[in-house]
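# Coordinate analysis (summary)
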Amino acid sequence: MRPAQVLTILDREFLGTRTGHHTPVMMWGPPGVGKSQMVAQVAAKHDVPVIDIRLSQMEPSDLRGIPFRSGEHVVWAVPALLPDVERHGAEGILFLDEITSAPPSVSAAAYQLILDRQLGEYEVPAGWAIFAAGNRQGDRGVTYSMPAPLANRFSHFEVEAHLDDWVAWAYANDIDDRLIAFLRFRPELLFSFDPAHNPVAFPSPRSWEFAHRALQKFADVPDLMTRALQACVGDAAGIELAAFVENLDRLPDIDAILRGEEVPVPRDTDLQYAVASALVAQSIRARTREDAQETWGRILDYAGRFPHREMGVMLVSDMHRAIGQDIFRVPQFNDWAKAVADVMLFEQ
């Protein structure tokens, strides 16, 4: 399932705590696909805390609590890490990460917490959603088969890497547009993981974010940049990205395009992807300026000049995802849409 779809499900499930319709959610997927980040996005959207419990690092008593004598009875001290209204607030997300890496004894301790929202006398506050995530058994992580009683306590969704969703996230989070252009040019490298070879560094949505950071730190040190990128996304992908970035000195003048000047479209496909990504990034930066519509109009004019109209469709589709419905109010939009009507795969 696409990350954008899973994100919507998590958001609805969080809101479901307010009406009594929440069902705990289990997200399955390979390492680095963005499961934890989606939980953080939902929490940030609603301005609520996340309590991230790594069950793989816990003992059963860490969840159940420590027993102590009180008079003639034994009572259990509730662990401070569990959600508490006074300490953490009335709403939030309890995130059980790496749940498939937890030994069976710890999984058993989580059964009641997940389904009944209780552990002994402790009760999860009504406004707290329960989400969990784990790797599949074929992903070469430390995993245990999820017991049927535990599995039956969740709704299950498998998260897959999806380029359009990642690009939308990347623009929203100010990821280097050179990196976005590279993955548009080489989409199969967004996620490339072969568990049979158990690589140390490999391309994934998470490791491409690391590559973005490496570009900011080492772009001015050519001798180190390639090695730094390889350390993030693996040898082959790192070399390709470094070569792509070095080739961008032949990029057309982006500022001239934004001024409305007649700038030729580059012939090389990789440079066309780079121009398109740079223009989408510029459209986002223009949102707060008074001349935003003029800037967007000039970008739309340029989108119509690509020899392969699909490239222009990609550019405008990414613009739409980035700036929203405002693009439809730009005068040049209708002319562009008519010109590409037979190939347009625009997402309404």
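Keep in mind it's a predicted model, so treat the numbers as computed, not measured. (Residues numbered from 1 in each chain as written. Predicted model: local features only at pLDDT ≥ 70, side-chain atom pairs only at ≥ 80, totals over all residues. Heavy atoms only, no water.)

Ranked by internal contacts, the top residues of the largest apolar core, which has 66 residues, are W166, W208, L279 and L315. Of all the elements, helix α13 (residues 269-285) adds the most residues to this core, at 10 residues. Dropping the residues within four chain positions of it, W166 is found in contact with I175, L179, I180, L183, L190, P205 and W208. With 27 residues, the next largest nonpolar core counts M58, L94, V106 and Y111 among its residues. (Core = buried A, V, L, I, M, F, W, Y, C linked by side-chain atoms within 4.5 Å. Buried < 20%, exposed > 50% of the residue type's maximum accessible area, 1.4 Å probe, protein only. Helix = DSSP H or I, 4+ residues; strand = E, 2+ residues; numbered from the N terminus. Contact = heavy atoms within 4.5 Å.)

Enumeration over the complete set of coordinates arrives at 11 aromatic pairs. Measuring from ring centre to ring centre gives 5.8 Å for F182 and W208, while their planes differ by 55 degrees; the resulting arrangement is tilted. You can see F182 sitting in helix α8 (residues 177-185) and its partner W208 sitting in helix α9 (residues 205-218), a full 26 residues away along the chain. On the basis of relative accessible area, F182 is assigned to the buried category, the value being 1%. For W208, a relative accessible area of 0% gives the class buried. (Phe/Tyr/Trp six-rings, centres within 6.5 Å; stacked < 30°, edge-to-face > 60°.)

A few words on the pairing of strand β8 (residues 127-134). Counting buried positions over the eight residues of β8 gives eight, a clear majority of the element. Taking every second residue as pointing to the same face, both faces of β8 are buried, with G127, A129, F131 and A133 on one and W128, I130, A132 and G134 on the other. Bridge count for strand β1 (residues 25-28) against β8 is four bridges, and the pairing is parallel. Residue pairing across strands places M26 opposite A132, the latter belonging to β8. As judged from the six bridges shared by strand β5 (residues 91-97) and β8, these two strands associate in the parallel manner. When the sheet's bridge partners are listed, G92 is paired in β8 with W128. (Pairing = 2+ DSSP bridges.)

Let's shift gears to the sheet that holds β8. A sheet is described by the order of its strands in space; here five strands give the open sequence β2-β5-β8-β1-β9, paired in parallel fashion. In this open sheet, the two strands that pair with only one neighbour each are β2 (50-54) and β9 (155-158). Looking at each pair of strands side by side, their axes are set apart by 20 degrees on average, direction ignored. (Axes fitted to C-alpha atoms, helices over the stretch in contact; angles between N-to-C directions.)

Below, the discussion takes up α8. With respect to burial, α8 is a largely interior element, seven of its nine residues being buried. When we look at burial in α8, the residues that qualify are D177, L179, I180, A181, F182, L183 and R184. In this structure, the buried residues of α8 make contact with α7 (163-172), α9, α11 (235-246), α13 and α15 (309-323).

This next bit is on the domain arrangement of the protein. Each assigned domain of the protein is listed here: domain 1 (3-158) and domain 2 (163-345). Between the C-alpha centres of domain 1 and domain 2 there is a distance of 37 Å. (Domains from an automatic or database assignment.)

Here we come to the packing of α13 against helix α14 (residues 292-303). Remark: α13 packs on α14, axes separated minimally by 10 Å, with the N-to-C direction vectors making an angle of 165 degrees. Relative to α14, the element α13 is oriented roughly antiparallel. Relative to α14, the crossing made by α13 is left-handed. Each of V275, L279 and S283 in α13 lies in contact with α14, whose residues at this interface are W296, I299 and Y302. In terms of residue class, the contact of α13 with α14 is built from five nonpolar, one polar and no charged. (Parallel < 35°, antiparallel > 145°, perpendicular 65-115°, else oblique. Left-handed = near helix turned anticlockwise from the far one by under 90°. Nonpolar A, V, L, I, M, F, W, Y, C, P; charged D, E, K, R; others polar.)

A full pass over the atoms with the stated rule returns 20 salt bridges. Between E262 and R305 there is a salt bridge; the shortest N-O distance is 3.7 Å. Of this pair, E262 sits in the loop between α12 (254-258) and α13 while R305 sits in the loop between α14 and α15; the two residues are 43 residues apart in sequence, bridging distant segments of the chain. A relative accessible area of 30% means that R305 is categorised as partly exposed. (Salt bridge = Lys/Arg side-chain N within 4 Å of Asp/Glu carboxyl O.)

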